[in-house]
Every structure is written in C-alpha cells, then in structure tokens.
Amino acid sequence: MNLKHSVGCILLLFVQCRLQTRAEEVLELANSHMLSPGDYMKLININTKGTKYPRDCSEIFKWSEQSSKDGIYIIQPAKEPIGVFCDMQDGGWTVIQHITANSSVDFDRTWQDYKYGFGSLNDNYWLGNEYMHQLTNSPRPYILRVKLVDLNAEIKLGEYEPFLIEDEASQYRIRLGLYKGSAADALTQDTEAYLHDNQKFTTKDKDNDNYFQNCAKLEHNGIPGGGWWYDACAGANLNRRNVIYWQKDCNKEQMCKYAWMMVRPADYSQDHSMACPAQKNEL
Ligand SMILES: *[C@@H]1O[C@H](CO)[C@@H](O)[C@H](O)[C@H]1NC(C)=O
C-alpha cells in the first residue's frame, strides 16, 4: 500500500468514526441497545432539524410516495424517538417482532426486557411492550399483521383489526378485533382450548397467565416458551426460539422458519389511495 493510499484510508476511517459518533450523540434513541454502531450509519431518516419524527413506518412510506426501502428508520410514537425496522415492500408496516427458528437471539427474557425490547433491529427482535402500547394507543386504530414462512418458503398471513396493547398497569393486555387472512386465527379462536385475546402478558419473572405454573417457563427440548399473552398456555406462541407455533400452520411437525408481527393504522389504505390516486399508466 502506498503512502497516499494509506493516508486516504485513515482519513476515511476518521470521517466515518466522526459521522458515527455524531449520529450517536445527536440521536438519543430510547432503544439504542437494539442498534449496533454500524446501524447508526445506516439509519435512513436522521433528522437534524430537531422536529418530531414520523409516528410510524406507514407515515414514512406515505411521505416518500411509496418509494422508501426496507430498513431501519427512526419513529416517534410518543415522547421518545426509537429505531425500528420498516417493512416497506409490504406497504409501510412497523415491525414489532421478528424471529428466525433457532436464532441466536434469546427470547427467554424478563419483564423488563420484554418491556423495552431486545435483540437487534437488523435481525431478530422484540420491539418492547411499552413501544407496542405507544404505537397502538392511538385515535386511529391499528391492525396487527402476522406473517409466517414455512420451510418450503410458503407464506401465510393473518390480520387483526383493531389491535391494541394496553399499558403496563394493565400488564400489557392484548385486545384484538376481527380476523382475516390465509393463516389460522390462532389468537381470537379457541380451537386448541386456549384463547389469547384479552390476556395479560406473562414472562418468566411475572406470571399473569391462567395456568397453575408459569407458561413462560415451560420447556420444549430445553427451550422455555418466552414471554407471551398466555392463557393456560398457548394456541400460538411466536417467542419460543426453537419452535414457531401457530396452530396448524407452524408447529413441531409443520415447521416454520420465520415469523413477523407488524402494525399499521387501520384506515391507512383508504387514506392513502385518496391522498395519491394511482395513475393508470403506473398499474
Ligand atoms: C431447530 O433446531 C432443532 C434442533 O437442532 C431442529 O430439530 C429443528 O429442525 C430446527 N428448526 C428449524 C426450523 O430449522
């Protein structure tokens, strides 16, 4: 390597470091523990003007006239800005959970971890019950979409409208409305004798379920269930690391590789088509 080249490299490193520290200093993200230093470099919508960030990914998608790409963005559902992964390909969804079967991210966590989130925004994560509450506690009702992918890459979807996570005083209780989709309705129907709708959240250190033991601690092949809105236990559980469970769609026999939970305002698509009608030549 010649001298000029190495000076260039050092300069480049220096500039990159400066940019990185600047971004981390300027941005006080409440969930900075879910971003690696490299993620700060890749943040798509750093806002230096000090104004409020968009409430969720659907707003970003709308403002970009549907041209934004999947990735990590900053949103501000309440007081504090947070980082989140936006699924823009599917139309501006805010990802609140993502798991890969047998991922290295540990989902066997405490109440506090489930409250403020864990994992990595670029990978598998739980956004945090507190932020799920902030997002869904809005005058505009939200939709929950569950996306499941099995080992043959077949995709199943399920949506609940409306979807609300109550506050911590209510133990982050889940409230679900009408269901539609190609996956089984595993949360509001009790086909397995377990009903998840209206249940409080349970973790290994906070037992709010309807079983005589703590459902979050029950193991399958040595892996506990993780936090979830358990009944007396589960007809679905997306937080057990070694088996993604969604009734007949994902289980020990019919294995799934990936699951996502994501949210978007319910009136979003109507709203959107009014704001920007599609041109005939775009279709
Ligand atoms: C997860 O790991 C277990 C144990 O190694 C294996 O039996 C199972 O097939 C894996 N699951 C998936 C979806 O790859």
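Residues numbered from 1 in each chain as written. Predicted model: local features only at pLDDT ≥ 70, side-chain atom pairs only at ≥ 80, totals over all residues.

Visitor: For this particular structure, what's the right way to read the overall build of the protein?
Guide: Regarding its fold elements, the protein presents six helices and 13 strands. Residues counted as buried form 39% of the 283 residues belonging to the protein. Counting only contacts in the protein whose residues sit at least 6 apart along the sequence, the fraction spanning at least 24 positions is 56%. (Helix = DSSP H or I, 4+ residues; strand = E, 2+ residues; numbered from the N terminus. Buried ≥ 20, exposed ≤ 12 C-beta atoms within 10 Å, placed from the backbone. Contact = placed C-beta atoms within 7 Å.)

Visitor: Mind showing me how you'd approach the site of the ligand here?
Guide: Around the ligand, a shell composed of Ala-101, Asn-102, Asn-242, Met-255 and Lys-257 is seen. Looking at the shell around the ligand, its residues break down into two nonpolar, two polar and one charged. (Near = placed C-beta within 6 Å. Nonpolar A, V, L, I, M, F, W, Y, C, P; charged D, E, K, R; others polar.)

Visitor: I tried to follow the nonpolar core on my own but got confused; where do I start?
Guide: Side chains of nonpolar character tend, in soluble globular proteins, to be buried together. Within the largest apolar cluster, 64 residues are counted, with the highest numbers of intra-cluster contacts made by Cys-57, Val-84, Ala-234, Ile-244, Trp-246, Ala-259 and Val-263. It is strand β13 (residues 256-265) that provides the largest number of residues to this core, a total of six residues. Excluding its chain neighbours within four sequence positions, the residues that come into contact with Ile-244 are Ile-99, Ala-101, Leu-238, Cys-250, Cys-256 and Ala-259. (Core = buried A, V, L, I, M, F, W, Y, C linked by C-beta atoms within 7 Å.)

Visitor: Help me understand unusual backbone geometry, please; the structure alone is not making it clear to me.
Guide: For residues besides glycine, phi is generally negative; the peptide bonds are generally trans as well. In this model, Glu-161 is joined to Pro-162 through a cis peptide bond whose omega is 0 degrees. Examined against the element boundaries, Pro-162 turns out to sit in strand β7 (residues 155-165). Although it is not a glycine, Glu-65 adopts a positive phi angle of roughly 55 degrees. Even without being a glycine, Asn-198 presents a positive backbone phi close to 75 degrees. Among the secondary structure elements, Asn-198 is positioned in the loop between β8 (174-181) and β9 (219-220).

Visitor: Whenever I open this one, the environment of Leu-29 confuses me. Can you help?
Guide: Along the chain, Leu-29 falls in the loop between α1 (3-26) and α2 (37-42). Counting along the chain gives 46 residues from Leu-29 to Ile-75, while the straight-line C-alpha distance between them is 9.6 Å. Once you skip the residues sitting within four places of it in the chain, Leu-29 turns out to touch Leu-35, Ile-74, Pro-81, Ile-82 and Gly-83.

Visitor: Help me out: how do you make sense of helix α5 (residues 129-136) in this one?
Guide: Structural remark: α-helix, 3.6 residues per turn; residues separated by three or four positions point the same way. Counting buried residues along α5, eight of its eight residues qualify, which places the element largely inside the surrounding structure. For α5, the full list of buried residues reads Asn-129, Glu-130, Tyr-131, Met-132, His-133, Gln-134, Leu-135 and Thr-136.

Visitor: Where do I start with the environment of Leu-187 in this structure?
Guide: As for its position among the elements, Leu-187 is in the loop between β8 and β9. On the basis of neighbour count, Leu-187 is assigned to the buried category, with 24 C-beta atoms found within 10 Å. Taking the C-alpha atoms as reference points, Leu-187 and Ala-236, separated by 49 residues in sequence, lie 6.9 Å from one another. Apart from residues lying up to four places away in sequence, Leu-187 is in contact with Tyr-160, Leu-176, His-196, Asp-197 and Ala-236.

Visitor: Any chance you could explain the pairing of strand β3 (residues 93-100) here in plain terms?
Guide: Side-chain positions along a regular strand alternate between the two faces of the sheet. Among the eight residues that make up β3, seven are buried, leaving the element largely enclosed by the rest of the structure. Note: strand β2 (residues 82-87) against β3, two bridges, orientation antiparallel. Within β3, the position partnered with Asp-87 by the bridge is Trp-93. Here β2 folds back onto β3 in antiparallel fashion, the turn holding five residues, of which Gly-91 has a positive phi close to 105 degrees. The sheet contact formed by β3 and β13 spans six bridges and is antiparallel. Each bridged residue has a counterpart across the sheet, and for Gln-97 the counterpart in β13 is Met-261. (Pairing = 2+ DSSP bridges.)

Visitor: Explain the confidence of the model for the protein to me, please; I cannot follow it from the model alone.
Guide: Parts of the prediction with low pLDDT should not have their coordinates interpreted in detail. On average, residues of the protein score 88 in pLDDT, and 85% of them are at 70 or above. Counted against residues more than four places away or in other chains, residues 272-283, with its pLDDT under 50, gives four contacts. (pLDDT = per-residue confidence, 0-100.)

Visitor: Would you mind showing me how to read the environment of Trp-229 here?
Guide: Relative to the helices and strands, Trp-229 resides in the loop between β10 (223-224) and β11 (236-237). On the basis of neighbour counts, which here come to 26 C-beta atoms within 10 Å, the residue Trp-229 falls in the buried class. Sequence separation between Trp-229 and Ile-174 is 55 residues; the distance between their C-alpha atoms is 7.0 Å. Setting aside residues no more than four positions away along its own chain, Trp-229 makes contact with Ile-174, His-196, Gln-199, Lys-200 and Phe-201.

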